[in-house]
Amino acid sequence: MTLLSFVVPAYRVQGYLRECLDSILEQPYDDLEVIGIDDASPDDSAEILAEYAHRDPRVRPVVLAENVGLGPARNIGLDRAVGEYVWFVDGDDWLVPGCLPHVADRLVATRPDVLIVDHVRVHWNNVGTRSAMRDVFPEPPGEATFRLTDRPETTRLLHTAWNRVARREFLVERGLRFAPGWYEDVSFSYPALMAAGRIGVLDRVCLNYRQRRTGAITRTRGDRHFEVFAQWHRVFRLMDRWDGPVDALRPALFERMIWHYLTVLGNGERIDSALRPAFFAQIHADYARFLPPGGYPVPSGVEGLKHRLVAAGRWRTFSALRGANQAADTARRTARKVRRRVLPVARRTARKARNSALREYYRGELHRPLDPTLAVFAAYWYRGFACNPAAIYTAARRLAPEVRGVWVVRRDRVGTLPPGVEYVVAGTRDYYRALARARWLVNNVNFPDFVRKRPGSVHVQTHHGTPVKVMGLDQQRYPTGAMGMNFAKLLHRVDRWDVSVSSNSFSTQMWERAYPAAYRTLEVGYPRNDRLALATPDECQQVRKELGIGPDEFVVLYAPTHREHLPGWRPPFDPDRMRDVLGPAGRLLMRSHYFHDRDRRPRGPAGGGGVLDVSAHDRVEDLYLAADVLVTDYSSAMFDYAVLDRPIVVYAPDWDAYRVARGVYFDLIAEPPGAVALDFPALLEVFRSGALHSVGAEQHRQRFRARFCALDDGYAAERVVRHVFLGEPA
């Protein structure tokens, strides 16, 4: 039997449905089915469900001839489900990556009738707010199951269908179904808790509850919000029918009912002002109708006062109190804004004055002669000594010792510089003087906009990778990946370039297309790859030793790239499962993109269980030399690692979405540097089956190397130094 059936109704959610389905299907857990219900949606939801069903047999689409609403659509999914447990997930929400194994483990271990999971609200502006789980259960309940009568505080958790997983036979036996209309969760979720003999709580965020800016019921005004009363009436009718032990739950559920009514009434985006008196009158009627004989726990403070006004039916007083509270809240918010502004304004004023003075100093230094021996180096927005500029600096010290190289670094990265490297800290007086007077400025990104191109100075753009994704002006066709980019300023920065270092003819073509300007192209290979091209077996073993890796270990380096269009997103990757496939002699190195360097935490040389986080390791070339295999997606790491002529695996679970949203220059799946995996199970199979070393993978790698690595012979940095610093012909 399938363990989990996901029921996903879809109505006007075409913009979110793919994310929802992907979040389920890409979980590191396979014992599931997805029943997608197209509720006669007027958009492309049906086509999306059909597309997913075509490529994944776990997806079973159901197309309804007419719109029935969320509750009945869920019932249709429940009737078709075959799983032991059913999880109702709305089409505009999505699961947290990696959560499903934890849910499955708890279901198998405790066999609850209902398992409640935690969630987080994700607002349309990408701000997240936590649920009430910690407030309701300050001490997590652990794996123990309970009845609702034992833990009535459970009713204070959000009463939705998607934050709980229910045993299918339990629902069928108790006749638990969704009623039509709005607020359908109420008359399903509370009865399910009342009827359950075994309730479990998993204190882990498993679902992202999308707070849509438009289109959500909670942001739609109208009289349909009165349907909340019928849903609560159904709850109390079931209590009357079941009677017995559940009768003890009346006080807790009554309090929840009044809380819910007041929440709906208090939301200005739901109840129009003209309907508010009638809505309040219905609350008062239900208060009198369902008040438990022994009373209920009345909240304290303002909330308690609201309850008492409802009990007395005093709408005018309630309305006046609400207006007064709103005015007070407005006053408090205004006061907080003022307090927040005073200190920051003072700080900003002081900072602005300091920066203004330093810019004036910079402008003054521009009138002084260039320093004929000074070369300023920088990499990755002042993150430290790295990449092509570092290789050029090192070669210049050997070939052009008369050149004085100075690095620009952030203050927090000073400690990462090699001994003996002269530097200035970004934002200081020395920094502005160096930028103004340097004869050479070498960077793998652009210097800030304020930097002026002086006659006689030479700006060298080394870039920091062979492009897979579109760059520069080409990004105008992919605005999702170019959010906030000012293309006019970009061209201003490009116009400062004198030399563009290119690693191969493909890059040269792309740079000329993406960055049209009058610079000279120096197509010489990538200086940062010189070390890889000239590395000896002894050097590789020494690097492995320094990393705590044994000579006989099989080392896999996983290095995914950053998604500009999906900040914070990570490809689904389970290091423990990968480690299991690699076996006892395997070692997994994991490295995040440099954009995430502020999140890095230094780790010891030995990672637990054969997994080592090397994100904080400053020299990525060390990791290449240590690794037997590279696993990456769209990162330029593949072009560098290919110099070593070792196996590469392209792991691209979001390939289709990535090339549409971010844009690519060539079909990486059709022209890969080795084996390809489009989902995590396939990635594991590449290692398990030996496809890593197949004839096809070897042929792909040789074609890739011929196309992109022909110039990486170990002397690219020397060619740059001889041309840029010594004036020799290119």
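Residues numbered from 1 in each chain as written. Predicted model: local features only at pLDDT ≥ 70, side-chain atom pairs only at ≥ 80, totals over all residues. Heavy atoms only, no water.

Quick look at the overall build of the protein
Under the convention used in this document: A helix here means a DSSP run of H or I that spans at least four residues, while a strand means a run of E at least two residues long, and both kinds are numbered starting from the N terminus. Burial classes: relative accessible area under 20% of the type maximum marks a residue as buried, over 50% as exposed, and values in between as partly exposed (1.4 Å probe, protein chains only). Contacts are residue-level and defined by heavy atoms, with any inter-residue pair within 4.5 Å sufficient. Positive charges come from Lys and Arg alone, negative charges from Asp and Glu alone, with His and the N- and C-terminal ends not counted. Charged side chains are reduced to one point each, which is NZ for Lys, CZ for Arg, CG for Asp and CD for Glu.
Secondary structure summary: the protein contains 25 helices and 22 strands in total. Overall, the C-alpha framework of the protein stretches about 95 × 65 × 45 Å when taken along its three principal axes. For the protein, buried positions account for 53% of its 730 residues. Expressed as a percentage of contacts within the protein between residues at least 6 apart in sequence, the contacts between residues at least 24 apart total 74%. Charge-centre separation for the protein: the mean point of 102 positive side chains lies 9 Å from the mean point of 87 negative side chains.

Thoughts on the state of the cysteines
Applied cut-off: Note on terminology: pairs of cysteine sulfur atoms within 2.5 Å are recorded as disulfides.
Under the criterion given, the structure shown has zero disulfides. Cysteine C206 is unpaired, with the sulfur of C99 as its nearest cysteine sulfur at 4.4 Å. Classification of C206 as buried rests on a relative accessible area of 0%. Here C709 stays free of any disulfide, with the sulfur of C387 as its closest cysteine sulfur at 15 Å.

Points about the sheet that holds strand β13 (residues 438-443)
Put simply, the rule is: What makes two strands pair is DSSP finding at least two bridges between them. The axes are straight lines fitted to the C-alpha atoms, using for helices just the contacting stretch, and the angles between their N-to-C directions are given from 0 to 180°.
Strand order in the open sheet formed by seven strands is β12-β11-β10-β13-β14-β15-β16, with parallel pairing between adjacent strands. This sheet does not close on itself; its edge strands, each paired only once, are β12 (423-425) and β16 (520-523). The average undirected angle you get between the axes of adjacent strands in this sheet is 25°. Pairing between strand β15 (residues 499-502) and β16: four bridges, direction parallel.

Considering the pairing of strand β10 (residues 371-378)
Rules: The handedness rule is simple: strands pointing away from the viewer, and a clockwise path from the first strand over the helix to the second, make the crossover right-handed.
With respect to burial, β10 is a largely interior element, six of its eight residues being buried. Bridge count for β10 against strand β11 (residues 404-409) is four bridges, and the pairing is parallel. Counted as the bridge partner of F377 is W407 from β11. Taken together, β10, helix α13 (residues 387-399) and β11 form a β-α-β motif whose crossover is right-handed.

Some words on the confidence of the model for the protein
Note the following rule: Values of pLDDT, which run from 0 to 100, indicate the predictor's confidence residue by residue.
Of all residues in the protein, 93% attain a pLDDT of 70 or more, and the chain-wide mean is 90. In the model, residues 595-607 has pLDDT below 50 throughout and makes 24 contacts with residues more than four positions away in sequence or in other chains.

Things to note about the environment of A109
Mapped onto the secondary structure, A109 falls in helix α4 (residues 100-110). Sequence separation between A109 and Y380 is 271 residues, and the spatial gap between their C-alpha atoms is 48 Å.

Here we look at α4
Considered for burial, the residues of α4 that qualify are L100, P101, V103, A104, R106, L107 and T110. Looking at the residues trailing α4, positive phi occurs at R111, about 45°.

Digging into the nonpolar core
Just so we agree on the cut-off: Definition of nonpolar core: a set of buried residues of the types Ala, Val, Leu, Ile, Met, Phe, Trp, Tyr and Cys, connected through side-chain atoms within 4.5 Å.
With 63 residues, the main nonpolar core has F88, W232 and I283 as its most contacted residues. Element by element, the count of residues in this core is highest for helix α9 (residues 250-266), at eight residues. Setting aside its immediate chain neighbours within four residues, W232 contacts V186, Y190, L253, R256, M257, H260 and Y261. Membership of the second largest hydrophobic core comes to 53 residues, among which are L557, L623, Y641 and A642.

Some thoughts on empty space enclosed by the protein
Here is the rule we go by: For cavity detection a 1 Å grid was placed over the protein atoms alone, and a set of points counts as a cavity when a 1.4 Å probe fits there but cannot get out; an open set counts as a pocket when protein lies on both sides within 12 Å along at least five of seven lines, with lining residues being those that have an atom within 4 Å of a point. Grid points are joined across faces, edges and corners, and a volume is the space filled by probe spheres set on the points. In this classification, Asp, Glu, Lys and Arg are treated as charged, Ala, Val, Leu, Ile, Met, Phe, Trp, Tyr, Cys and Pro as nonpolar, and every other residue, Gly included, as polar.
Scanning the model with the defined rule gives three cavities of 30 Å³ or more in all. Lining the largest cavity, in full, are L441, N443, V445, N446, F447, H459, V460, Q461, R493, R496 and W497. The set of elements that each furnish at least two residues to the lining of the largest cavity consists of β13 and β14 (458-461). The greatest single-element share of the lining of the largest cavity, amounting to three residues, is contributed by β14. Per-class residue counts for the lining of the largest cavity are five nonpolar, four polar and two charged.

Re the environment of V302
Here V302 lies in helix α11 (residues 301-312). The exposure class assigned to V302 is partly exposed, which follows from its relative accessible area of 41%. Along the primary structure V302 and F254 are separated by 48 residues, whereas in three dimensions their C-alpha atoms are 18 Å apart.

Considering the sheet that holds strand β18 (residues 586-590)
On the basis of which strands lie adjacent, the open sheet formed by six strands has the order β19-β18-β17-β20-β21-β22 and parallel pairing. At either end of the open sheet lies a strand with only one pairing partner, and these are β19 (611-613) and β22 (675-677). On average, adjacent strands in this sheet sit at an angle of 20° to one another, irrespective of strand direction. For strand β21 (residues 648-651) and β22, the ladder comprises three bridges, and the chain directions are parallel. By the bridge assignment for β22, V649 is matched with A675.

Quick look at the packing of aromatic side chains
For clarity, the threshold we go by: Geometry of aromatic contacts follows a simple scheme: Phe, Tyr and Trp rings, the Trp one being its six-membered ring, pair when their centres are within 6.5 Å, and the pair is stacked under 30 degrees between planes, edge-to-face over 60, tilted otherwise.
For the coordinates displayed, the defined rule picks out 48 aromatic pairs. When the centroid spacing of 3.9 Å and the interplanar angle of 10° are considered together, the rings of Y558 and F573 count as stacked. One end of the pair, Y558, is in strand β17 (residues 554-558); the other, F573, is in the loop between β17 and α19 (575-582), and 15 residues separate them in sequence. Here the two residues Y558 and F573 agree in accessibility, since each one is buried. Ring centres 6.0 Å apart and planes at 70° place the aromatic pair Y624 and Y641 in the edge-to-face group. On the criterion of sequence distance, the pair formed by Y624 in helix α20 (residues 620-626) and Y641 in helix α21 (residues 637-641) is long-range, its members being 17 residues apart. Assigned by exposure class, Y624 and Y641 land together as buried.

So, helix α3 (residues 70-80)
The α-helix advances 3.6 residues per turn, and as a result positions three or four apart in sequence lie on the same side. Within the sequence span of α3, burial applies to G71, A73, R74, N75, I76, G77 and L78. Residues of α3 that are buried sit in contact with β1 (4-10), β2 (32-38), β3 (59-63), β4 (85-88) and α6 (168-174).

Description of the side chain of D654
With respect to the helices and strands, the residue D654 is situated in the loop between β21 and α22 (655-661). Judged by its relative accessible area of 9%, D654 falls in the buried class. Non-local contacts of D654, meaning those with residues more than four positions away in its chain, are made with R563, W569 and Y634.

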